[in-house]
Amino acid sequence: MKLALISVLAIGLISCGNPPTGTTPPPVNPINTGATITLQLAKGIRLVEDGIRTANANKLASDDVTATVLRLTVRINKAGLDADNVLRSQANNPKASARTLLAPLVAAIQAAINQDVIKITDPNTRNTVSSSLSALILTINGILAGLGGA
Amino acid sequence: MTTAEGITLGLNLAAQYGPAIITFIKQIKQKDGSVVTSVTILAKLDEADADFNDNLKADADWFAKHGMTADGTPVKPPT
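Residues numbered from 1 in each chain as written. Chains lettered and ligands numbered in written order. Predicted model: local features only at pLDDT ≥ 70, side-chain atom pairs only at ≥ 80, totals over all residues.

**Here's the deal with the nonpolar core**
Then comes step 1: Counting residues in hydrophobic clusters, the biggest one holds 41 residues, and the most contacted among them are A35, L87 and L102 of chain A.
Then comes step 2: Contributions of two or more residues to this core are made by α2 (30-57), α3 (63-89), α4 (98-116) and α5 (123-146) of chain A together with α1 (3-65) of chain B. (Core = buried A, V, L, I, M, F, W, Y, C linked by C-beta atoms within 7 Å. Buried ≥ 20, exposed ≤ 12 C-beta atoms within 10 Å, placed from the backbone. Helix = DSSP H or I, 4+ residues; strand = E, 2+ residues; numbered from the N terminus.)

**Brief notes about unusual backbone geometry**
Then comes step 1: The residue K59 of chain A is not glycine, and still its phi comes out positive at about 65 degrees.
Then comes step 2: With respect to the element layout, K59 of chain A can be found in the loop between α2 and α3.

**Comments concerning the interface of chain A and chain B**
Then comes step 1: On the chain B side, the residues contacting the 27 residues of chain A number 21 residues.
Then comes step 2: Contributions of two or more residues to the side of chain A that touches chain B are made by α2 and α3 of chain A.
Then comes step 3: Of the residues belonging to the side of chain A that touches chain B, the class tally is eleven nonpolar, eight polar and eight charged. (Contact = placed C-beta atoms within 7 Å. Nonpolar A, V, L, I, M, F, W, Y, C, P; charged D, E, K, R; others polar.)

**Things to note about the confidence of the model for chain A**
Residue and element names in this part refer to chain A.
Then comes step 1: Per-residue confidence for chain A gives a mean pLDDT of 79; residues scoring 70 or more make up 79%.
Then comes step 2: When pLDDT is averaged over each element of chain A, α3 comes out on top at 92 and helix α1 (residues 7-17) at the bottom at 47.
Then comes step 3: With pLDDT under 50 throughout, residues 1-6 is counted as low confidence; its partners more than four residues away or in other chains account for 17 contacts. (pLDDT = per-residue confidence, 0-100.)

**Considering the packing of α2 of chain A against α3 of chain A**
All names here are of chain A.
Then comes step 1: Put simply, α2 and α3 touch, their axes get as near as 10 Å, and they point 165 degrees apart. Here α2 is positioned roughly antiparallel relative to α3, judged by the angle of their axes. In the packing of α2 onto α3, the handedness of the crossing is left-handed. Every residue of α3 that contacts α2 at I31, G34, A35, T38, L41, A42, I45, V48, E49, I52, R53 and N56 is listed here: D63, T66, V69, L70, T73, I76, N77, G80, A83, D84 and L87.
Then comes step 2: Taken together, the residues of the contact of α2 with α3 sort by class into twelve nonpolar, seven polar and four charged. (Axes fitted to C-alpha atoms, helices over the stretch in contact; angles between N-to-C directions. Parallel < 35°, antiparallel > 145°, perpendicular 65-115°, else oblique. Left-handed = near helix turned anticlockwise from the far one by under 90°.)

Spelled out as structure tokens, the structure:
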């Protein structure tokens, strides 16, 4: 329950990747898509952090588990800031590729899965965080794939 | 000047300056469009940055409150 909020990450990103039906989709700007992804990611991570801190305050998550999850999200927050800096520098570059620019962010999330999630001792929490981050990567890649060569 | 002469003059002017005028209008549209797009993108990036920084601040506050650090290093005792 306490970590089900993590699913908001994937839901938010999925919703931003679906074009409205019945209308001609507007031209896609890869940098704009990248900015949308990092914005949704920032808000999704906030929900995750609020959820685990609330669980910790209510004695539903230990300090050690909470610290492990927060260290994982700190890594993603910093990667998000880095991704924003790269996107900002390429905002007026018509040839910029969102896939290339967001590759380090995706790699950071993947690294968090490989290196940090394993440190979560509680199996349920570990599985929830791992599957949510994996879904996050799949969703980001799905949005980027929708851009074609972008 | 007759109506026919006026039309001819107008056509000649359009032929002479039309492409330049059309190009000028396109440039304005392109420039305006690109500026609007950039502002939108930068606003999103600014908001995302603010959210990421807020998250990191809240994380740092939690770690400090619990006598820990975000990178796992030992907390230095106050001097």
